[in-house]
Amino acid sequence: MIHNLRYFVPLALAGFTATTPAVAEPQLFETSRADGSTIHWTLDLPDGGGKSGLIVLAQGSGCLPAMQSRSMQQARASFGNLAALTVEQYGVTQSDTPTAEDNSDCPKAFRENQTVSQRVSDYQQVIESLRGASWWNGELVLFGGSEGGLAMAILASKVSAAAAILVSTGGGVPFGEMVRESVPPEGWPTVDATFEKARQNPESSEVWAGHSLRFWADMIDRRVADDMLRADTSFLLLQGGGDVWGAPNVARATNDLFAQAGRCNLTYWEFPGYDHGMNDKNGNARLADVLTQANSWLAAQLNTDRNANCISG
């Protein structure tokens, strides 16, 4: 493991345990967006009452409901001492049961409207509605993998979060460049032509690679490391050295950007041989182990003055 104390594509982290406090039955909520559509979200409070911090758990790409994802279940178990917020993608409800890997059985509203920026807006709206809740001590933690990590990286620049844990997120180059690097060179002309079409038709619901041109136009020229650099959040960036979907050099570029800016609020851990879902070279799932280490890092961050030894640039 490469560990830098100075401080992940395409998209889905499909396969995200530790002994944790019991949690009460999750509560399901609905909130209206400005366009009249409905945000479906879930709040899971630790059992026993009292005040706690809040962790936002952001699933990867696709329309599978958050807590039907094995990775999100593992993340919830690993941070069971915190209240947990999950927010479904545009057009998705907690009871949906999609099975197609290409998003072809996702709701029409998802295929036409879902973007990372929309996700960020939804999270922000729900978080702000919870401000002042009797159970919340005000401490906010963000957690996301792959596309969910991109959303949390951007969200960190818009909300006051104490810490953010980003798995297989990358961030150090524009998103479109990261996607392009994940396909063989013979596919680059198709990628380039599609991205240019998306730039010219940023509201189009035409689907390419499981997502609308609207989705691609929203992100292809965005480098989320720039959003991270605008935040005072303590970041933990977790990367598998064998990740072919989000090449390690992209995550290393994020680490380099923080160093060049003189920032000390990013910790970068790279796990040699681990893939996009944190499985080792032999196919063994290692995400639970990674999350255990991430939980220890988080505990240290929440019990430390984050600015005591950090000079921001």
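Check the entry above for the structure.
This one's a predicted model, so the numbers in the text were calculated from it and none came from an experiment.

Before going further, it helps to examine the state of the cysteines. As enumerated under the stated definition, the model contains one disulfide in all. Covalently, Cys63 is tied to Cys106 through a disulfide, its sulfur atoms 2.1 Å apart. Judged by the sign of its S-S torsion, about -90°, the bond between Cys63 and Cys106 is left-handed. With a gap of 43 residues between them, Cys63 in the loop between strand E4 (52-58) and helix H1 (70-78) and Cys106 in the loop between strand E5 (83-87) and helix H2 (108-113) connect regions that are remote in the sequence.

Quick look at H1 now. Here H1 has its buried residues at Ser71, Met72, Gln74, Ala75, Arg76 and Ser78. Contacts made by the buried residues of H1 are with strand E3 (38-44), E4, E5, strand E6 (136-145) and helix H10 (287-302).

Ranked by size, the top nonpolar core spans 55 residues in total, and within it Leu54, Leu85, Trp135, Leu140, Leu142, Met152 and Phe235 carry the most contacts. Among residues more than four places away in sequence, those in contact with Leu54 are Leu43, Ala83, Ala84, Leu85, Leu130, Trp135, Trp136, Glu139, Leu140 and Val141.

Right, let's talk about the side chain of Asp280 for a bit. Here Asp280 is to be found in the loop between strand E11 (266-271) and H10. One polar contact links the side chain of Asp280 to the main-chain amide nitrogen of Asn284, over a distance of 2.9 Å.

This part takes up the packing of aromatic side chains. Counted under the stated rule, the structure contains 10 aromatic pairs. Judged by centre distance (5.9 Å) and plane angle (80°), the rings of Phe195 and Trp208 are edge-to-face. On the criterion of sequence distance, the pair formed by Phe195 in helix H6 (residues 188-200) and Trp208 in strand E8 (residues 207-208) is long-range, its members being 13 residues apart. On the accessibility criterion, Phe195 (4% relative accessible area) is buried. Trp208 sits in the partly exposed class, given a relative accessible area of 22%. Members of the aromatic cluster, connected to one another through ring pairs, are Phe175, Phe195, Trp208, Phe215 and Trp216. Over the ring of Tyr90 we find Arg33, and its NZ or CZ is 4.0 Å from the ring centre.

If you check helix H3 (residues 116-130), its first and last C-alpha atoms are 22 Å apart, about what 15 residues at 1.5 Å a residue would give, namely 21 Å. Taken together, the buried positions of H3 are Val116, Arg119, Val120, Asp122, Tyr123, Val126, Ile127 and Leu130. The buried residues of H3 occupy an angular sector of 160° when projected down its axis, which confines them to one face. Along its buried surface, H3 packs onto E3, E4, E5, E6, helix H4 (147-155) and helix H7 (213-219). Count one or two residues on from H3 and you reach Gly132, which has phi positive near 90°.

A word on the pairing of E11. Across the six residues that make up E11, a large majority, six, are buried. Here strand E10 (residues 234-240) pairs with E11 via six bridges, running parallel. In the sheet register, Leu238 faces E11, and the bridge partner there is Trp269. Handedness of the β-α-β unit built from E10, helix H9 (residues 248-260) and E11 comes out right-handed.

Two quantities define a packed helix pair, namely the angle between the axes and the distance from one axis to the other. The interhelical angle for the contact between H3 and H4, taken along N-to-C directions, is 60°, at an axis separation of 9 Å. Taken together, H3 and H4 sit at an angle that is classed as oblique. Here H3 runs over H4; the crossing is right-handed. Touching Val116, Arg119, Val120, Tyr123, Gln124 and Ile127 of H3 are Glu147, Gly148, Ala151, Met152, Ile154 and Leu155, all from H4.

Moving on, we come to the side chain of Asn265. Looking at the element boundaries, Asn265 is found in the loop between H9 and E11. Under the relative-accessibility criterion, Asn265 is labelled buried at 7%. Engagement of the side chain of Asn265 in a polar contact is seen with the backbone oxygen of Ala231, the distance being 3.3 Å.

Conventions adopted
Residues numbered from 1 in each chain as written. Predicted model: local features only at pLDDT ≥ 70, side-chain atom pairs only at ≥ 80, totals over all residues. Heavy atoms only, no water. Disulfide = S-S within 2.5 Å. Helix = DSSP H or I, 4+ residues; strand = E, 2+ residues; numbered from the N terminus. Buried < 20%, exposed > 50% of the residue type's maximum accessible area, 1.4 Å probe, protein only. Contact = heavy atoms within 4.5 Å. Core = buried A, V, L, I, M, F, W, Y, C linked by side-chain atoms within 4.5 Å. Polar contact = N/O pair within 3.5 Å; in protein donor to acceptor, adjacent residues only side chain to side chain. Phe/Tyr/Trp six-rings, centres within 6.5 Å; stacked < 30°, edge-to-face > 60°. Lys NZ or Arg CZ within 6 Å of the ring centre and 35° of its normal. Expected span 1.5 Å × (residues − 1). Arc of directions from axis to C-beta. Pairing = 2+ DSSP bridges. Right-handed = clockwise from strand over helix to strand, strands pointing away. Axes fitted to C-alpha atoms, helices over the stretch in contact; angles between N-to-C directions. Parallel < 35°, antiparallel > 145°, perpendicular 65-115°, else oblique. Left-handed = near helix turned anticlockwise from the far one by under 90°.

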